[in-house]
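Results of the structural survey
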Amino acid sequence: MKNKSGLPFLWISMVAFILDLFSKWIVVNSFQLYESMNILPVFNFTYVRNYGAAFSFLADHGGWQKYFFIVLALGISALLIYWLYRNNASKKLMNCGYALIIGGALANMVDRTYHGFVVDFLHVYWENYHFPVFNIADVSISIGAGLLILDYFINPEKKNSQSE
């Protein structure tokens, strides 16, 4: 009997993708740029635009980075979909990690393609220390990466067949 692939885990990508784009739609239609709403003593909704990548990396480099990050998101997502296809469905942590990264990467890519920037709005801070504002896609990517790291330690496998 042939082992099932990890492709059915793509439903997780779709959930992350939809949640992210829907939350950004609400923010864009409810907030003015830089408007902030306090939710908790350490957390605000603050509408900002990110023209770069994580922590505004490459944000002030003339516009070429938009296309670079679009191609990067498409390439990484295609590679992860291929890995899902090749992966056994029993590798749940790994498949969930890949799926979350795909959903987050594609949601930010759609945002970048449509707006020319990524909408960020989750603002965590403590007194005068502010973490860069982020979004649900960023959370999805981070959790996905965390699941891959966790899987690496929980399910150690021989990575190098030459060492056998």
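From a predicted model like this one, the values you see are computed outputs, not experimental measurements.

Analysis parameters
- Residues numbered from 1 in each chain as written.
- Predicted model: local features only at pLDDT ≥ 70, side-chain atom pairs only at ≥ 80, totals over all residues.
- Heavy atoms only, no water.
- Core = buried A, V, L, I, M, F, W, Y, C linked by side-chain atoms within 4.5 Å.
- Buried < 20%, exposed > 50% of the residue type's maximum accessible area, 1.4 Å probe, protein only.
- Helix = DSSP H or I, 4+ residues; strand = E, 2+ residues; numbered from the N terminus.
- Contact = heavy atoms within 4.5 Å.
- Axes fitted to C-alpha atoms, helices over the stretch in contact; angles between N-to-C directions.
- Left-handed = near helix turned anticlockwise from the far one by under 90°.
- Nonpolar A, V, L, I, M, F, W, Y, C, P; charged D, E, K, R; others polar.
- 1 Å grid on protein atoms, 1.4 Å probe; cavity = no way out; pocket = protein on both sides within 12 Å on 5 of 7 lines; lining within 4 Å.
- Points joined across faces, edges and corners; volume = space filled by probe spheres on them.
- Pairing = 2+ DSSP bridges.
- Patch = residues over 30% accessible without salt bridge, like charges linked within 9 Å, V, L, I, M, F, W, Y side chains within 5 Å.
- Areas by Shrake-Rupley, 256 points an atom, 1.4 Å probe, with all protein chains shown as cover.
- Salt bridge = Lys/Arg side-chain N within 4 Å of Asp/Glu carboxyl O.
- Expected span 1.5 Å × (residues − 1).
- Polar contact = N/O pair within 3.5 Å; in protein donor to acceptor, adjacent residues only side chain to side chain.

Looking now at the nonpolar core. Ranked by size, the top nonpolar core spans 13 residues in total, and within it Phe 9, Ile 12, Leu 80, Leu 84, Tyr 98 and Leu 100 carry the most contacts. When contributions to this core are tallied by element, the ones reaching two or more residues are helix 1 (10–30), helix 2 (64–86) and helix 3 (92–115). If one sorts the elements of this core by residue count, helix 3 sits on top with six residues. Setting aside residues no more than four positions away along its own chain, Ile 12 makes contact with Cys 96, Ala 99 and Leu 100.

Between helix 1 and helix 3, the least distance of the axes is 7 Å, while the angle of their chain directions is 35°. Taken as a pair, helix 1 and helix 3 cross one another with a handedness that is right-handed. Across from Leu 10, Ile 12, Ser 13, Ala 16, Phe 17, Asp 20, Leu 21 and Lys 24 in helix 1, the residues of helix 3 making contact are Cys 96, Ala 99, Leu 100, Ile 102, Gly 103, Leu 106, Ala 107, Asn 108, Val 110 and Asp 111. Here the residues of the contact of helix 1 with helix 3 are counted per class, giving twelve nonpolar, three polar and three charged.

Bringing the layout of surface pockets into the picture now. In this structure, the second largest pocket occupies an estimated 160 Å³ of space. Taken together, Leu 21, Lys 24, Trp 25, Val 28, Asn 29, Val 110, Asp 111, Tyr 114 and His 115 form the lining of the second largest pocket. Among the elements of the structure, helix 1 and helix 3 are those that each provide at least two residues to the lining of the second largest pocket. Here the lining of the second largest pocket gets five residues from one element, more than from any other, and that element is helix 1.

Taken together, four strands build an open sheet; the order of strands is 1-2-3-4 and the sheet is antiparallel. With one partner strand each, in any of the chains shown, strand 1 (36–40) and strand 4 (129–130) form the two edges of the open sheet. Across two bridges, the pairing between strand 3 (residues 118–126) and strand 4 is antiparallel. Bridging from a neighbouring strand, Trp 126 pairs with Tyr 129 of strand 4. Contacts between helix 1 and the sheet are confined to strand 2 (43–50) and strand 3, with strand 3 contributing the most and set at about 85° to the helix.

This part covers unusual backbone geometry. The residue Tyr 34 is not glycine, and still its phi comes out positive at about 75°. On the secondary structure map, Tyr 34 appears in the loop between helix 1 and strand 1. With phi around 50°, Glu 127 is a residue other than glycine that occupies positive phi space. Note on placement: Glu 127 falls in the loop between strand 3 and strand 4.

On the surface, Met 37, Ile 39, Leu 40, Val 42, Trp 126 and Tyr 129 cluster together into a nonpolar patch covering about 630 Å² of accessible area. Counting residues per element, the nonpolar patch draws most heavily on strand 1, at three residues. If you trace the backbone, Val 42 turns up in the loop between strand 1 and strand 2.

Attention shifts here to helix 3. With 24 residues, helix 3 ought to run about 34 Å at 1.5 Å a step, and its terminal C-alpha atoms sit 34 Å apart, in line with that. Just downstream of helix 3 lies Gly 116, where phi reads positive at about 90°.

A word on the environment of Glu 35. Structurally, Glu 35 can be placed in the loop between helix 1 and strand 1. Residue classification places Glu 35 among the partly exposed residues on the basis of a relative accessible area of 34%. Sequence separation of Glu 35 and Val 48 is 13 residues, and the distance between their C-alpha atoms is 8.2 Å. When neighbours within four sequence positions are excluded, Glu 35 is seen to be in contact with Ser 30, Phe 45, Thr 46 and Tyr 47. At 2.8 Å, the side chain of Glu 35 and the backbone nitrogen of Gln 32 are in polar contact.

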